[in-house]
Amino acid sequence: MQPLLQVKDIRKTYGPRIGCTDVSFDLYPGEVMGIVGESGSGKSTLLSCLAGHAQPDTGAVIFDGRDTVTMPEPERRMLARTDWAYVHQNPRDGLRMGVSAGGNVGERLMAVGARNYGTIRDTATDWLGRVEINADRIDDRPSQFSGGMQQRLQIARNLVTGPRLVFMDEPTGGLDVSVQARLLDLLRGLVRRMGLSAIIVTHDLAVVRLLADRLMVMKGGHVVEQGLTDQVLDDPQHAYTQLLVSSVLQV
Ligand code: ADP
Ligand code: MG
């Protein structure tokens, strides 16, 4: 089987400061890669480079055989609309707040060519259900939703088109603990049922424990350890990973 994504020697600096460097890995279809590390370790920088939101200084990101770093911008935009999805930490960055919940979902279907109003509305209704939003909220705007509902709506908007690769930056980050647990549960169900390929950035080890097959641990822009999630968390080799794991256990 060919990797869905091949990441080779990605480096991104901000002037003298390293965002991330020497990052390489392969992601296979149906795999979920977790990226963990404390704040400032380079997780978001790396994800931005992978998703084409930032231009790395060096390296290649090969999706389905094509290097997304060097491809023309229109081609990358097309990928972002069809094959990729990006779930932002803050739902406001991933939703259109002035558009109804149904519109937020339906708009993505239209972007990939759907034209029949009835079908679009039915699919949107179905997806609201899948993310546990009542169908009677379909005409409400996201600004009338709680933070957890907004995040669930953002997930529906991103998954409705059946993307081949989903990027998530701290998907449970801005939420209360009880709301996080529910969202995590929902995400786990969707990942399993849809066989999603995803790259999930988080500082929360519980998130990767539940969602990620494989784990990359970052510190100071470097990957200090990577492997199968259970292996890395149960038997961390690097001192920094040991610290991360033990500080969680003490909470
Ligand atoms: P994380 O997501 O793990 O918190 P980031 O990728 O945001 O880490 O940051 C990695 C490093 O790059 C940090 O030292 C941060 O200060 C720096 N950095 C991130 N974004 C920028 C930027 N736009 N300009 C300058 N430095 C940045
Ligand atoms: Mg970040």
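Structure: above.
What you see is a predicted model, and the numbers here were worked out from it, not measured in a lab. Residue numbers run consecutively from 1 along every chain, following the written order of its sequence. Each chain gets a letter, beginning with A, and each ligand a number, beginning with 1, in the order they are written. Confidence filtering applies because this is a predicted model: local features only for residues at pLDDT of at least 70, side-chain atom pairs given and counted only at 80 or more, and all residues used for totals across whole chains, interfaces and linings. Think of the side-chain values as coming from all heavy atoms in the structure, minus any hydrogens and water.

Student: Would you mind going over the site of ligand 1 with me for this structure?
Tutor: Put simply, a residue is near a molecule or strand once any heavy atom of it comes within 4 Å of that molecule or strand. Taken together, Tyr 14, Arg 17, Ile 18, Gly 19, Glu 38, Ser 39, Gly 40, Ser 41, Gly 42, Lys 43, Ser 44 and Thr 45 are the residues near ligand 1. Any pair of N or O atoms that falls within 3.5 Å is considered a polar contact. Within protein, one atom must be able to donate a hydrogen and the other to accept it, and sequence-neighbouring residues count only if both atoms are side-chain atoms. One nitrogen or oxygen atom from the main chain of Gly 40 is found 2.6 Å from an oxygen atom belonging to ligand 1. Interatomic distance of 2.5 Å between a side-chain N/O atom of Thr 45 and an oxygen atom of ligand 1. By definition, any uninterrupted DSSP run of H or I lasting at least four residues is a helix, any uninterrupted run of E lasting at least two residues is a strand, and each is numbered from the N terminus. At the level of secondary structure, the elements contributing two or more residues to the shell around ligand 1 comprise β2 (17-27) and α1 (43-50). Ten residues, namely Ala, Val, Leu, Ile, Met, Phe, Trp, Tyr, Cys and Pro, are considered nonpolar, four, namely Asp, Glu, Lys and Arg, are considered charged, and the remaining ones, Gly among them, are considered polar. Residues of the shell around ligand 1, tallied by class, amount to two nonpolar, seven polar and three charged.

Student: Can you help me understand the packing of aromatic side chains in this one?
Tutor: What describes a pair of aromatic rings is the distance from one ring centre to the other and the angle between the planes of the rings. The rule is short: rings of Phe, Tyr and Trp, with Trp giving its six-membered ring, pair when the centres are within 6.5 Å, and they are stacked under 30 degrees, edge-to-face over 60, tilted in between. Under the defined criterion, the tally for this structure stands at three aromatic pairs. Ring plane angle 85° and centroid distance 5.7 Å describe the contact between Phe 63 and Trp 84, whose orientation is recorded as edge-to-face. Here Trp 84 lies in strand β6 (residues 84-87) and Phe 63 lies in strand β4 (residues 58-63), a separation of 21 residues in the sequence. For the pair Trp 84 and Phe 167, a centre-to-centre distance of 5.4 Å together with 85° between the ring planes defines the contact as edge-to-face. Of the two residues, Trp 84 sits in strand β6 while Phe 167 sits in strand β7 (residues 165-169), which places them 83 residues apart along the sequence. We note that Trp 84, like Phe 167, is buried. Joined through ring pairs, the aromatic side chains of Phe 63, Trp 84, Tyr 86 and Phe 167 make up one cluster. Throughout, exposure labels follow a simple rule: accessible area from a 1.4 Å probe, protein chains only, divided by the maximum for the residue type, with under 20% read as buried, over 50% as exposed, and the rest as partly exposed.

Student: What is the right way to read the packing of helix α4 (residues 101-111) against helix α5 (residues 117-130) from this model?
Tutor: Each packed pair of helices is defined by two parameters, the angle between the axes and the distance between the axes. Where α4 meets α5, the axes come as close as 9 Å, and the angle between the chain directions of the two elements is 120°. It follows from the interaxial angle that α4 and α5 lie oblique. Here α4 and α5 pass one another in a crossing that is right-handed. Facing Ala 101, Gly 102, Val 105, Gly 106, Leu 109 and Met 110 of α4, the residues of α5 in contact are Ile 120, Thr 123, Ala 124, Trp 127 and Leu 128. A fitted line through C-alpha atoms serves as each axis, taken over the contacting stretch for helices, and the angle formed by two N-to-C directions is quoted from 0 to 180°. Should an angle fall under 35 degrees it is taken as roughly parallel, and over 145 as roughly antiparallel, whereas 65 to 115 is taken as roughly perpendicular and any remaining angle as oblique. Handedness of a helix crossing follows the sense of rotation of the near helix relative to the far helix, less than a right angle counterclockwise being left-handed and clockwise being right-handed. Note on definitions: a residue-residue contact is assigned when non-hydrogen atoms from the two residues lie within 4.5 Å.

Student: Where do I start with the pairing of strand β1 (residues 5-14) in this structure?
Tutor: For a regular strand, side-chain orientation follows a simple rule: the groups alternate between the two sheet faces. Pairing analysis gives seven bridges linking β1 to β2, with the strands arranged antiparallel. From the neighbouring strand, Thr 13 faces β2, where its bridge partner is Ile 18. Being paired, for any two strands, means DSSP has found at least two bridges between them. Where β1 folds back on β2, the antiparallel hairpin that results is connected by two residues, among which Gly 15 adopts a positive phi of roughly 60°. In terms of strand pairing, β1 meets β4 through five bridges, oriented antiparallel. The residue bridging Lys 8 from the neighbouring strand is Ala 60, located in β4.

Student: What am I meant to see in the pairing of β7 here?
Tutor: In terms of burial, β7 is a largely internal element, five of the five residues being buried. Residues of β7 alternate between two faces, with Leu 165, Phe 167 and Asp 169 on one and Val 166 and Met 168 on the opposite face, all of them buried. Across four bridges, the pairing between β6 and β7 is parallel. Within the sheet, the bridge partner assigned to Trp 84 lies in β7 and is Leu 165. The sheet contact formed by β7 and strand β8 (residues 198-201) spans four bridges and is parallel. Residue pairing across strands places Met 168 opposite Ile 200, the latter belonging to β8. The path from the first strand over the helix to the second decides the hand: if it runs clockwise while the strands point away from the viewer, the crossover is right-handed. In the classification by handedness, the crossover that spans β7, the intervening helix α7 (residues 177-194) and the parallel β8 is right-handed.

Student: How should I be thinking about the nonpolar core in this particular structure?
Tutor: Soluble globular proteins tend to bury their nonpolar side chains together. With 47 residues, the main nonpolar core has Val 105, Leu 153, Ile 155 and Val 166 as its most contacted residues. Per element, the largest residue contribution to this core is six residues, and it comes from α7. Excluding residues within four positions of it along the chain, Leu 153 makes contact with Leu 95, Ala 101, Asn 104, Val 105, Leu 128, Ile 133, Pro 142 and Phe 145. By convention a nonpolar core is built from buried Ala, Val, Leu, Ile, Met, Phe, Trp, Tyr and Cys residues, the set being connected through side-chain atoms within 4.5 Å.

Student: Please explain the packing of α4 against helix α6 (residues 147-159) as it appears in this structure.
Tutor: At their nearest, the axes of α4 and α6 sit 7 Å apart, and the two run at 25° to each other. In this view, α4 runs roughly parallel relative to α6, as classed from their interaxial angle. Like other packed secondary-structure pairs, α4 and α6 cross with a definite hand, here right-handed. On the side of α4, the interface is formed by Ala 101, Asn 104, Val 105, Glu 107 and Arg 108, while α6 contributes Leu 153, Ala 156, Arg 157 and Asn 158. For the contact of α4 with α6, the per-class residue count stands at four nonpolar, two polar and three charged.

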